[in-house]
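# Structure at a glance
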Amino acid sequence: MSAININLRPVGADDVAMLQRFRVEPFLVGLDWHGFRDPGEIQRRFDTDGYLAPGDGRLIVDVDGAAAGLLSYVEGRYAEVGTYIEIGALLLPDFRGRGIGWRAQAMLAEYLFEHWPVQRLQAATHVENIAEQKSLVKAGFQLEGVIRACEFRAGQWRDGMLYSRLRDDPAPEL
């Protein structure tokens with residue numbers, strides 16, 4: 001098996017169509033589908049800041065030169081003094097189950113720790129999403145617990161799982 005070449009890069013004009021698909025094709029996002037959303041917002045946001053705003057950004061997961069999905073990061077605060085960054089990942093179906101997701105998330109963590117003065121990264125996922133739970137652990141995140149009734153999805157309130165990685169936690173071997 002040949003090595004997979006994974007890189008993170010800013011969103012480019014050619015990526016806008018893929019991001020718009022995530023808004024209108026339910027099967028692409030699986031459990032994260034929250035109904036149809038305005039696909040035009042993607043172009044408007046790209047035109048505004050290229051998805052690299054202070055405290056809120058997206059990076060493309062590039063695999064062997066192809067856009068495989070995206071990573072997101074959003075800054076938050078606890079009690080106005082504790083800054084954290086919440087990350088998310090979304091891969092196109094053809095790139096799932098190949099070890100790309102956990103590597104991309106680990107790369108994003110290293111990127112954020114290198115360029116942001118933040119101590120804590122966190123990621124939430126669905127109780128049903130066992131693959132993402134395993135991916136987060138491989139990426140160096142630790143399970144903190146269940147977040148009760150945190151998300152309205154498919155007509156009901158559902159629990160989530162919260163994971164974190166601190167700056168001083170050991171980084172996984174890529």
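The structure we're discussing is the one just above.
For the structure given in this document, a descriptive report is provided here. (Residues numbered from 1 in each chain as written. Predicted model: local features only at pLDDT ≥ 70, side-chain atom pairs only at ≥ 80, totals over all residues. Heavy atoms only, no water.)

This next bit is on the overall build of the protein chain. Along the protein chain, the regular secondary structure elements total 5 helices and 8 strands. Taken from N to C terminus, the helices and strands of the protein chain fall in the order β-α-α-α-β-β-β-β-α-β-α-β-β. Taking 16 Å as the expected radius of gyration for a compact globule of 174 residues, we find that the protein chain reaches 16 Å, a close match to that expectation. With 174 residues in all, the protein chain has 43% of them scored as buried. (Helix = DSSP H or I, 4+ residues; strand = E, 2+ residues; numbered from the N terminus. Rg over C-alpha atoms; globule rule 2.2 N^0.38 Å. Buried < 20%, exposed > 50% of the residue type's maximum accessible area, 1.4 Å probe, protein only.)

So, on to unusual backbone geometry. One non-glycine residue with positive phi stands out, namely Glu-80, at about 65°. Within the secondary structure layout, Glu-80 lies in the loop between β4 (66-78) and β5 (82-91). For Ala-154, which is not a glycine, the phi torsion comes out positive at approximately 55°. Checked against the element boundaries, Ala-154 lands in the loop between β7 (142-153) and β8 (156-166). Residue classification places Ala-154 among the exposed residues on the basis of a relative accessible area of 64%.

Generally speaking, nonpolar side chains in soluble globular proteins are found buried as a group. Of all hydrophobic cores here, the largest spans 41 residues; its most connected members are Phe-22 and Val-61. Counting residues per element, this core draws most heavily on helix α4 (residues 100-115), which supplies 7 residues. The residues contacting Val-61, other than those within four sequence positions of it, are Ile-6, Asn-7, Leu-8, Ala-66, Ala-67, Ala-68, Gly-69, Leu-70, Leu-71, Leu-91, Ile-100 and Ala-104. (Core = buried A, V, L, I, M, F, W, Y, C linked by side-chain atoms within 4.5 Å. Contact = heavy atoms within 4.5 Å.)

In this structure, strand β6 (residues 120-126) lies alongside β8, joined through 7 bridges in antiparallel fashion. Counterpart to Leu-121 in the pairing with β8 is Arg-165. Taken together, the 8 bridges between β7 and β8 define a ladder with antiparallel strand orientation. The partner of Leu-143 across the bridge, within β8, is Tyr-163. Between the antiparallel neighbours β7 and β8 lie 2 residues, among them Ala-154 with a positive phi of about 55°. (Pairing = 2+ DSSP bridges.)

Structural measurements only, silent on function.
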